[in-house]
Amino acid sequence: MSRWATPERCQALQEQLIAWQRQHGRNDLPWQQPATPYRVWISEIMLQQTRVETVVPYFERFMERYPDVAALAAAELDDVLALWAGLGYYARARNLHAAAQRIQTDWGGQLPAELSALQTLPGIGPSTAGAIRSLGHGQPAPILDGNVKRVLARLAGVEGWPGRSPVAKQLWALSAALTPEAECRRFNQGLMDLGALVCTPRDPACNACPLAASCTARAAGNPETYPAPRPARQRPRREVRLLLIEHADALLLERRPATGIWGGLWSLPECPPSEDPVTRALRLGARCEPAGDLPARHHALTHFELIMQPTRLRWNAATPDIGEPDPQRIWFRPGQDTLPGLPAPILRILRDAGYPVA
Ligand code: SF4
């Protein structure tokens, strides 16, 4: 458990947040009038990936039509889906309907209060179960929705992306340590309200925050950096050796195929990593000696990362001859000839090699 979450600090934060929620929190949302387990459940599912303002009219129509579990369980799925139209993520409505039928059959139409029982129902994960138990049944349970993750990560300075299991575990442990035995309903509502109204993703209103004195991110002056964003997807890597076949002051260039990366541009001849560069040059008709590698260059493309390893080769023949005139190959004299169309990463490699290319 984090050293930040001492029992004394947790107790102080509970008191501060409960007092703040009473005065500044949201206490007149439709699902709080009254906050039954059924109404909390429906609202929690509707609020996933959807803003409160959008949910309110849907929630009110839903309650008019299906005021309790029995009504929802008896409904035709098509009717439930029709009422859901416009909210998106229709699996949520299908899960609600299926879960209502289970609740009707297994629990006589009453949502259970145990977290483990709630989580056997379709569409109910640990945070929704915690919300139903605490906000609906008024019994203590931790929650960890998107707003709460942000608030807790900032308060305790939890590093890392919450989608990673060790980070999520840390946040759940914090939420559990902070969960009060009494007034958990108001405390959890306070966490959600703080995330929605004060500790916003951008520009949090730390000056208006009841927990500011204990906040790690605020003390460090960098609340917006928490929680860490999802790491960029690792692109597959493709390695290629690029040959700088040099003769006197000229360099051999090849035109790239019309399709694929840098289609139709001029470039350095390529050599697969598995092939010996001298052998590859020989296949191009150039009898060369190796003259050393230049530093590798990385280039990020949409679907992969290209690792380019430039290798210098000296062609020692008195007169370079690349066989029959070939429109796909040219000798290029940097600084003398007009610059042909070369991709920017290839230009950088030529500069690394000391060629005067702009
Ligand atoms: S002090 Fe600022 S960053 Fe910290 S919990 Fe409050 S609003 Fe969020």
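What counts, and at which threshold
- Residues numbered from 1 in each chain as written.
- Predicted model: local features only at pLDDT ≥ 70, side-chain atom pairs only at ≥ 80, totals over all residues.
- Heavy atoms only, no water.
- UniProt positions renumbered as here; feature names shortened; annotations may be inferred.
- Core = buried A, V, L, I, M, F, W, Y, C linked by side-chain atoms within 4.5 Å.
- Buried < 20%, exposed > 50% of the residue type's maximum accessible area, 1.4 Å probe, protein only.
- Contact = heavy atoms within 4.5 Å.
- Helix = DSSP H or I, 4+ residues; strand = E, 2+ residues; numbered from the N terminus.
- Pairing = 2+ DSSP bridges.
- 1 Å grid on protein atoms, 1.4 Å probe; cavity = no way out; pocket = protein on both sides within 12 Å on 5 of 7 lines; lining within 4 Å.
- Points joined across faces, edges and corners; volume = space filled by probe spheres on them.
- Nonpolar A, V, L, I, M, F, W, Y, C, P; charged D, E, K, R; others polar.
- Expected span 1.5 Å × (residues − 1).
- Disulfide = S-S within 2.5 Å.
- Polar contact = N/O pair within 3.5 Å; in protein donor to acceptor, adjacent residues only side chain to side chain.
- Near = heavy atom within 4 Å.
- Sits in = over half its atoms within 2 Å of the grid points.
- Lys, Arg positive; Asp, Glu negative; His and termini not counted.
- Salt bridge = Lys/Arg side-chain N within 4 Å of Asp/Glu carboxyl O.
- Domains from an automatic or database assignment.

If you look the chain up in an unreviewed UniProt entry, it shows as Adenine DNA glycosylase from Halorhodospira halophila. In its Sequence similarities (unreviewed entry) section, the UniProt record describing the chain reads: "Belongs to the Nth/MutY family." UniProt, in its Function (unreviewed entry) section for the chain, records the words "Adenine glycosylase active on G-A mispairs. MutY also corrects error-prone DNA synthesis past GO lesions which are due to the oxidatively damaged form of guanine: 7,8-dihydro-8-oxoguanine (8-oxo-dGTP)."

Undergrad: Let's hear about the nonpolar core: which residues, and what values?
TA: In this structure, Tyr38, Trp41, Ile42, Met46, Phe62, Leu72 and Leu152 are the most contacted members of the largest nonpolar core, which totals 68 residues. Sequence-distant contacts of Leu72, that is, excluding residues within four places in its chain, are made with Tyr38, Trp41, Ile42, Phe62, Tyr66, Val80, Leu96, His97 and Ala100.

Undergrad: Provide a residue-level description of the pairing of strand E7 (residues 305-315), including the pertinent values.
TA: E7 sits mainly inside the fold: eight of its eleven residues count as buried. For strand E1 (residues 237-247) and E7, the ladder comprises ten bridges, and the chain directions are parallel. Counted as the bridge partner of Leu242 is Pro310 from E7. A loop of four residues connects strand E6 (residues 297-300) with E7, the two strands running antiparallel in sequence.

Undergrad: Outline the layout of surface pockets, supporting the account with residue identities and numerical values.
TA: Estimated volume of the largest pocket: approximately 890 Å³. Forming the walls of the largest pocket are 33 residues, and the residues nearest its centre are Glu44, Leu47, Asp145, Asn147 and Met192. When contributions to the lining of the largest pocket are tallied by element, the ones reaching two or more residues are helix H2 (37-47), helix H3 (52-65), helix H8 (126-136), helix H9 (146-156) and helix H11 (184-198). Of all the elements, H11 adds the most residues to the lining of the largest pocket, at five residues. Residues of the lining of the largest pocket, tallied by class, amount to twelve nonpolar, 13 polar and eight charged. When its volume is computed, the second largest pocket comes out at roughly 300 Å³. Along the walls of the second largest pocket sit 15 residues, with Gly146, Asn147, Arg150, Pro201 and Pro227 positioned nearest its centre. With five residues, the top contributor of residues to the lining of the second largest pocket is H9. Split by residue class, the lining of the second largest pocket holds five nonpolar, five polar and five charged.

Undergrad: Quick one: what's the story with H3, residue by residue and with numbers?
TA: Its 14 residues place the ends of H3 20 Å apart at the C-alpha level, agreeing with the 20 Å of an ideal helix rising 1.5 Å per residue. Within H3 the residues assigned to the buried category are Val55, Tyr58, Phe59, Phe62 and Met63. Its buried side turned inward, H3 meets H2, helix H4 (69-74), helix H5 (77-84) and helix H6 (91-107).

Undergrad: For the state of the cysteines, give the residues involved together with the corresponding values.
TA: A covalent bond between the sulfur atoms of two cysteines is what we call a disulfide. All told, the structure shown has zero disulfides when counted by the stated rule. Not part of a disulfide, Cys10 finds its nearest cysteine sulfur in Cys184, a span of 13 Å.

Undergrad: I'd like a rundown of H9, residues and numbers included.
TA: When you tally the buried positions in H9, you get eight out of eleven residues, the bulk of the element. Considered for burial, the residues of H9 that qualify are Val148, Arg150, Val151, Leu152, Ala153, Arg154, Leu155 and Ala156. Where H9 is buried, its residues meet helix H10 (165-178), H11 and helix H12 (216-220). Where H9 begins, one side-chain oxygen reaches toward the backbone nitrogen of Asn147, 3.2 Å away; that side chain belongs to Asp145. At the C-terminal side of H9, Gly157 shows a positive phi close to 65°.

Undergrad: Requested: an account of empty space enclosed by the protein, with residues and values cited.
TA: Per the counting criterion, the structure on display carries two cavities of 30 Å³ or more. In this structure, the largest cavity spans a volume of roughly 120 Å³. Mapped onto the lining of the largest cavity, the elements with two or more residues apiece are H9 and H11. Tallying contributions element by element places H9 first for the lining of the largest cavity, with three residues.

Undergrad: Help me get a handle on the site of the ligand, residues and values and all.
TA: Around the ligand, the structure places Arg154, Val198, Cys199, Cys206, Cys209, Ala212, Cys215, Arg218 and Pro223. With respect to the detected pockets, the ligand is housed in the largest cavity. By residue class, the composition of the shell around the ligand is seven nonpolar, no polar and two charged.

Undergrad: Could you give an account of the side chain of Arg150, naming the residues involved and the relevant values?
TA: On the secondary structure map, Arg150 appears in helix H9. For the buried Arg150, no salt bridge exists, and the shortest N-O distance to an oppositely charged side chain is 7.7 Å, to Asp145. A polar atom in the side chain of Arg150 sits 2.7 Å from the side chain of Asn147. Among the polar contacts listed, one links the side chain of Arg150 to the backbone oxygen of Cys199, at a separation of 2.8 Å.

Undergrad: Go over the domain arrangement of the chain, please, and point to the residues and values.
TA: On domain assignment, one finds that the chain holds domain 1 (7-225) and domain 2 (237-352). For domain 1 versus domain 2, the distance between C-alpha centres works out to 59 Å.

Undergrad: Describe unusual backbone geometry, and please don't skip the residues or the numbers.
TA: Pro34 follows Gln33 through a cis peptide bond whose omega is -5°. On the secondary structure map, Pro34 appears in the loop between helix H1 (7-24) and H2. Residues Tyr226 and Pro227 are joined by a peptide bond in cis, for which omega reads -10°. Examined against the element boundaries, Pro227 turns out to sit in the loop between H12 and E1. Notably, Gln49 is not glycine yet its phi reads approximately 60°, a positive angle.

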